[in-house]
Amino acid sequence: MTGAIVDAGALFKVLYASMLAGVGVATAFSLAIYGTTRAAEERRVGRGGPAGAFAALAVVAILVSLGAAVYGVTLVVQK
Amino acid sequence: MGGSELVLVIVVVAALAFDVTNGFHDTANVVATAISTHALPPRLAIGGASLLNFVGAFVSLKVAATVGQGFVTGSAVTTTVVFCGLVGAIAWNLITWYFGLPSSSSHALIGGLVGSVIAARGFGQVSGSGLLGKLIVPAIVAPVVAFLVAGTAIVVIYRIVGRLRPGPVNRGFRTGQIASSALLALSHGTNDAQKTMGVITLALIAHGDVAAKGFHVPTWVVLSAASAIALGTFSGGWRIIRTMGTRIIKMDPAQGFAAQGAGAAVILAASSVGYPLSTTHVISGGIMGAGAAKRVSAVRWGLAGNIAVAWMLTLPLAAVFGGATYGVSSVFGSGALGPVLISAVLLALLAIVVIRRLQRPVAAVASP
C-alpha cells in the first residue's frame, strides 16, 4: 500500500542525484582552490611549469563548478 | 462589500501576512551559514536573498498547483476554511519563531489547511496518499539525504585542501558560499512563495472568481506573493539565523559551503521529480552533516533534537490550530463575523508576542 503511494524510484533518484551533484561540486570547487593556491606557491618560488599545471587544474575545476551551478538553475527554471 | 467578499479580502491579507512570516522565518535559513562564516555581510545576504526570493516566485507554478490540489478535496474548501487554515499556520509559525526554532512554514500551511478541512467536512475530504507520498515521506528523507551529502562533501573537501594554508582556503570557500546561497535563495522563492499563491488561488476558486479547471494562478496573486515573501525576508529572521548559523555548530567556510551545496543539490534533485520540500529541513540536515563529519561532538545534539521535535509537531499541531480556529469561527455562523473577530484577536496577540520577543536582545553575530 505504502509502496504504491510512495515512488521509490523517485526517492532513489533524489538520493543519487543529490550525492553526485553535492559531492561533485564540492570536489570540483576544492580542486579549484587547491589549484589556485598551489599555482601561487609555485609562482612565488619561480617554478613556471608546475605553476601553469596547477593554474590549468584550477581553471578546469572552476568551469566544472560553474557548469554544475548553471545546470542546477536550469533545473529550477524547468520545475 | 458583502460578507463573502469581506472574508475573501481577509483571506488574501492573511495569506500575504503568512507569506511575510514565511519570509522572515524560512529564508533566513538559506543565508545563515553564509553570514555566520562571514562570507557575506548580513544586510547584503538578506537583501540578495530577498531579491532572489522575488525572482524565484515567478519561475514556476507547479508547487502552487500541488498545494491547491494535492492534499484536500476542492469541493470541501470555502473561504472560511482557507482563512482558518492560515490562522493555524500563522499561529504555529509565530510560536516556533518566538522560541527561535526553525520549523517548516510549508508544513504549517498544509497542516493548518488540512485541520480546518477536517473540522469543517471530516477526514474523508483529506487525501491521505497525497499527504504521505508528497509531503511526509519527502520531509523525512530530504534532511537525511542532505546530512549524508554534506558529511561526504566535507570529508572530500578536507582531503583535498586540508594541508593548504587556511587563509586562501577560507577566502575561496567564502566566495563559493555566495553562489551556493544565491542558488538556495532562488529555489526557496520558487517553492515557498508558490505555497501562498496556491492558498489564495484556492480561496478564489471557492469564491467563484477563478475556474477550478486548470488551476490558473492570476498574475496579481503571483506578484503580491512574491513581494510579500521578499518583504518578510528583508525585514526579519535574525533570531533563526543565530540558531542555524552558530548554535547548531560553529562552522568554517568550507563547512558552510558543503552544507549549502548539499541543500541546493537536494532541493534541485527533489524538484526535478516533483517533491515540494522544506528548505528549513534540508539546510538543517546539511549543517548537521557538515558538522558531524568533522567532529560528532561539534553538533549541539540537544538543540538539534529540539528542532527535530518542532518538525514532527508542525503538521499535527498546525492542523489542531487550524481545526480549533474553524471551530471558534463556526460558533459565530458561516458569515464574516467569525473571521473578523478572529482576525482582531490574532492581530492583538501578534502585537503582544512580537513586542515581547523583540524586547529581548539578539546576539551580535546576528545583528544587522
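It should be emphasised that the depicted structure is a prediction, and the values quoted were computed from it without experimental measurement. (Residues numbered from 1 in each chain as written. Chains lettered and ligands numbered in written order. Predicted model: local features only at pLDDT ≥ 70, side-chain atom pairs only at ≥ 80, totals over all residues.)

Enquirer: Describe in detail the overall build of chain A, supporting the description with residues and values.
Expert: Helices and strands together make up the secondary structure of chain A, namely three helices and zero strands. Listing the helices and strands of chain A from first to last along the sequence gives α-α-α. Long-range pairs, those at least 24 residues apart, make up 55% of the contacts in chain A with a sequence separation of at least 6. (Helix = DSSP H or I, 4+ residues; strand = E, 2+ residues; numbered from the N terminus. Contact = placed C-beta atoms within 7 Å.)

Enquirer: So what's going on with the interface of chain A and chain B? Residues and values would help.
Expert: With 31 residues of chain A in contact, the opposing surface of chain B contributes 38 residues. Looking at the side of chain A that touches chain B, the elements that each hand over two or more residues are α2 (8-44) and α3 (48-78) of chain A. The leading source of residues in the side of chain A that touches chain B is α2 of chain A, at 21 residues. Of the residues in the side of chain A that touches chain B, the class split is 21 nonpolar, seven polar and three charged. (Nonpolar A, V, L, I, M, F, W, Y, C, P; charged D, E, K, R; others polar.)

Enquirer: So what about unusual backbone geometry? Which residues, and what values?
Expert: For His 38 of chain B, which is not a glycine, the phi torsion comes out positive at approximately 65°. Mapped onto the fold, His 38 of chain B is located in the loop between α1 (3-36) and α2 (42-56).

Enquirer: Kindly report on helix α11 (residues 279-294) of chain B, identifying the contributing residues and their values.
Expert: Helix length check: α11 of chain B (16 residues) gives 23 Å between terminal C-alpha atoms against 22 Å at 1.5 Å per residue, within 8%. Among the 16 residues that make up α11 of chain B, 15 are buried, leaving the element largely enclosed by the rest of the structure. (Expected span 1.5 Å × (residues − 1). Buried ≥ 20, exposed ≤ 12 C-beta atoms within 10 Å, placed from the backbone.)

Enquirer: Give a description of the environment of Gly 256 of chain B that names residues and reports values.
Expert: All names here are of chain B. Position of Gly 256 among the secondary structure elements: in helix α10 (residues 253-272). Using a count of 28 C-beta atoms within 10 Å as the deciding quantity, one classes Gly 256 as buried. Considering only alpha carbons, one finds Gly 256 and Arg 43, 213 residues apart in sequence, at a separation of 18 Å.

Enquirer: Explain the confidence of the model for chain B to me, and be specific about the residues and the numbers.
Expert: Residues and elements named next belong to chain B. When pLDDT is averaged across chain B, the result is 82; 89% of the residues are at 70 or more. In this model, residues 363-368 is a region of pLDDT below 50 whose contacts with residues beyond four sequence positions or in other chains number 12 contacts. Predicted complex metrics record ipTM = 0.90 and pTM = 0.79. (pLDDT = per-residue confidence, 0-100.)

Enquirer: Tell me about the nonpolar core, and name the residues and values.
Expert: Residue and element names in this part refer to chain B. Within the largest apolar cluster, 135 residues are counted, with the highest numbers of intra-cluster contacts made by Val 11, Val 82, Leu 86, Ala 258 and Val 266. Here this core takes 17 residues from helix α7 (residues 166-207), the largest share from any one element. The contacts of Val 11, once residues within four sequence positions are left out, are Thr 79, Val 82, Phe 83, Leu 86 and Ala 203. (Core = buried A, V, L, I, M, F, W, Y, C linked by C-beta atoms within 7 Å.)

Enquirer: Talk me through the packing of helix α5 (residues 105-121) of chain B against α7 of chain B; I want residue IDs and the actual numbers.
Expert: Residues and elements named next belong to chain B. α7 packs onto α5 with a crossing angle of 15° between their chain directions and a minimal axis gap of 10 Å. By the angle class used here, α5 and α7 are roughly parallel. In the crossing of α5 with α7, the sense of the turn from one axis to the other is left-handed. The residues of α7 that touch α5, namely those facing Ser 105, Ser 106, Leu 109 and Leu 113, are Asp 192, Lys 195 and Val 199. The class makeup of the residues in the contact of α5 with α7 is three nonpolar, two polar and two charged. (Axes fitted to C-alpha atoms, helices over the stretch in contact; angles between N-to-C directions. Parallel < 35°, antiparallel > 145°, perpendicular 65-115°, else oblique. Left-handed = near helix turned anticlockwise from the far one by under 90°.)

Enquirer: An account of the packing of α2 of chain A against helix α6 (residues 128-161) of chain B is needed here, citing residue identities and associated values.
Expert: At a closest axis distance of 9 Å, the pairing of α2 of chain A and α6 of chain B adopts a crossing angle of 25°. If you check the angle between α2 of chain A and α6 of chain B, you find them roughly parallel. Considering only the axes of α2 of chain A and α6 of chain B, their crossing is right-handed. Its residues assigned to classes, the contact of α2 of chain A with α6 of chain B comprises 17 nonpolar, five polar and no charged.

Enquirer: Give a description of the confidence of the model for chain A that names residues and reports values.
Expert: This prediction gives chain A a mean pLDDT of 86; 87% of its residues lie at or above 70. Mean pLDDT across the secondary structure elements of chain A bottoms out at helix α1 (residues 2-5) of chain A, with 57, and peaks at α2 of chain A, with 91.

Enquirer: Could you give an account of α2 of chain A, with specific residues and numbers?
Expert: Side chains of residues three or four places apart in an α-helix project in the same direction, reflecting 3.6 residues per turn. Along its 37 residues, α2 of chain A runs 54 Å from first to last C-alpha, staying within 8% of the 54 Å computed at 1.5 Å per residue. Phi for Gly 46 of chain A, located one or two positions after α2 of chain A, is positive at around 80°.

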